[in-house]
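# Residue-level structure breakdown
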Amino acid sequence: MRALLVSLTLLVIAGLVSVTQGAAGLPVSGVVSELLDALPGVEVDSGLTTSQEAILWSIRLPRAALSMLVGAALGMAGAAYQGVFRNPLADPYLLGVSAGAGLGAVLALGFDLDLSFGPFSAVPAAAFAGALLAVSGSALIARGSFSSAATLLLSGVAMAALFSAAQTYALQQLDESRAREALSWLFGQLSTDGWDQVLLLLPYVGLSAVVLLAYARHLDVLRLGDDEARALGLKPARTRLFVIVAATLMTAAAVSVSGLIAFVGLVVPHMVRMLTSHSYRVILPLAGVLGGAFLASVDVGARTLVAPAELPVGVITAFVGAPFFAFVLWRRGAPR
């Protein structure tokens, strides 16, 4: 509980920094007052100008919410994959999600592929479809054998290599401007058009998070091994199926609106293990909260370090995440 309260505090602080920092700075007191004024039955004069209110509600808050949702999705999905495969190097892109989503986005951006459906516009829809296609291919290669973690891992490697090769070939066929646009998406971005992307992502993250939290105890049992889990009455194949589907759906939805953001799902669960517990009843919710705080903080750096230009979010997460993970491996060996 103490760790959860600290994590939520960090999330609130990261959110406030995210909405107040940028090309047009907003006063913290004014932002807090404006948010309080939006509550039913509360009337507070924020002192913000009309343009500042528009910036807050139309740009800063949607972007902060999107960064928190994407960070939470990648953090929880990474923890779930590490638990279900019993592999400390597992991350949300393990089964070819990143390669499939990247190929879909490149085709949509470079060749005007339009797979839009429902609330999904062309690029998110193509990335979402590509991610699900890659994971389906991994399951097909493994012949649906969710009882074997090693088989799924190897099939994911094969699909990732295939889709990455197709992605590289597609990039080579594009002209310079379209290739630059596709690469910008591949490096990760959190630009928003109001609240549309937040509302698109929210139901996928919410539903998948409920499933993962419901299977947290099962992941704790799987840590003992498949034979021991069966002896305790657990069905490992069924657990893997539900956890992998939920984590993949969450990751595919996040990638479809943010591009490829590395290391969040790999580093954040290890941070939680180092600071709290090895139980997935603790790791999963804290990985979601800290993942949201981490990515919201990184997004502030992306918007301010080289202002008025903007750095790709995935570049900063790699710069921060890779040394941290290397330090963890050097100091403690591969975490379990």
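Look up: the structure comes first, before these words.
A short tour of the structure in this document, coming up.

### Thoughts on the packing of aromatic side chains
Taken as a whole, this structure holds 3 aromatic pairs when the rule is applied. Ring centres of Tyr215 and Phe242 lie 5.6 Å apart, and the angle between their planes is 15 degrees; on these two criteria the pair is classed as stacked. With Tyr215 in the loop between helix H8 (196-214) and helix H9 (216-222) and Phe242 in helix H11 (residues 236-258), this residue pair connects regions lying 27 residues apart in the sequence. Taking the relative accessible area as the measure of exposure, Tyr215 reaches 14% and is therefore buried.

### Quick look at the nonpolar core
One broad rule of soluble globular proteins: the nonpolar side chains tend to lie buried together. Core analysis: the largest hydrophobic core is formed by 81 residues, its most contacted members being Val70, Phe85, Trp185, Leu201, Ile261 and Leu284. In terms of residue count, helix H3 (residues 50-85) provides more of this core than any other element does, 12 residues in total. Once you skip the residues sitting within four places of it in the chain, Trp185 turns out to touch Ala101, Gly102, Ala105, Leu109, Val123, Ala127, Val255, Ser256, Ser258, Gly259 and Leu260. Core analysis: the next-biggest nonpolar cluster, separate from the first, contains 7 residues, Leu26, Leu48, Leu56 and Ala64 among them.

### What to know about the pattern of salt bridges
Pairing is possible between side chains that carry opposite charge, provided their charged atoms lie close to one another. Counted according to the given criterion, the structure contains 9 salt bridges. Across the pair Arg180 and Glu176 runs a salt bridge whose closest N-O atoms are separated by 2.8 Å. Taken together, the residues Arg180 and Glu176, both in helix H7 (residues 176-186) and 4 residues apart, mark about one turn of the helix. According to the relative accessible area criterion, Glu176 is exposed, its value standing at 61%. By sharing partners, the salt bridges in this structure join Arg63, Asp299, Arg303 and Glu310 into a single network.

### A closer look at H3
Helix length check: H3 (36 residues) gives 51 Å between terminal C-alpha atoms against 52 Å at 1.5 Å per residue, within 8%. By the largest-angle criterion, Leu56 marks the main kink of H3, which is about 40 degrees. Across the 36 residues of H3, 26 count as buried, placing the element largely inside the fold. One or two positions beyond H3, positive phi appears at Arg86, with a value near 50 degrees.

### As for a nonpolar patch on the surface
Side chains of Val28, Val32, Leu36, Leu39, Val42 and Val44 sit close together on the surface and give an oily, nonpolar patch of about 410 Å² of accessible area. Looking at the secondary structure, you find Leu39 in the loop between helix H2 (28-37) and H3.

### Details of the side chain of Ser208
Residue placement: Ser208 occurs in helix H8. Among the polar contacts listed, one links the side chain of Ser208 to the backbone oxygen of Ala246, at a separation of 3.2 Å. Among all residues touching Ser208, those that are not within four sequence positions of it are Ala246, Leu249 and Met250.

### Things to note about unusual backbone geometry
Of note, the phi angle at Arg86 is positive, near 50 degrees, even though the residue is not glycine. Checked against the element boundaries, Arg86 lands in the loop between H3 and helix H4 (97-111). A relative accessible area of 42% places Arg86 in the partly exposed class. With a phi close to 75 degrees, Phe263 is a non-glycine residue in the positive phi region. Along the chain, Phe263 turns up in the loop between H11 and helix H12 (264-275).

Rules used throughout
Residues numbered from 1 in each chain as written. Predicted model: local features only at pLDDT ≥ 70, side-chain atom pairs only at ≥ 80, totals over all residues. Heavy atoms only, no water. Phe/Tyr/Trp six-rings, centres within 6.5 Å; stacked < 30°, edge-to-face > 60°. Helix = DSSP H or I, 4+ residues; strand = E, 2+ residues; numbered from the N terminus. Buried < 20%, exposed > 50% of the residue type's maximum accessible area, 1.4 Å probe, protein only. Core = buried A, V, L, I, M, F, W, Y, C linked by side-chain atoms within 4.5 Å. Contact = heavy atoms within 4.5 Å. Salt bridge = Lys/Arg side-chain N within 4 Å of Asp/Glu carboxyl O. Expected span 1.5 Å × (residues − 1). Bend = angle between axes of the 7 residues up to and from the residue. Patch = residues over 30% accessible without salt bridge, like charges linked within 9 Å, V, L, I, M, F, W, Y side chains within 5 Å. Areas by Shrake-Rupley, 256 points an atom, 1.4 Å probe, with all protein chains shown as cover. Polar contact = N/O pair within 3.5 Å; in protein donor to acceptor, adjacent residues only side chain to side chain.

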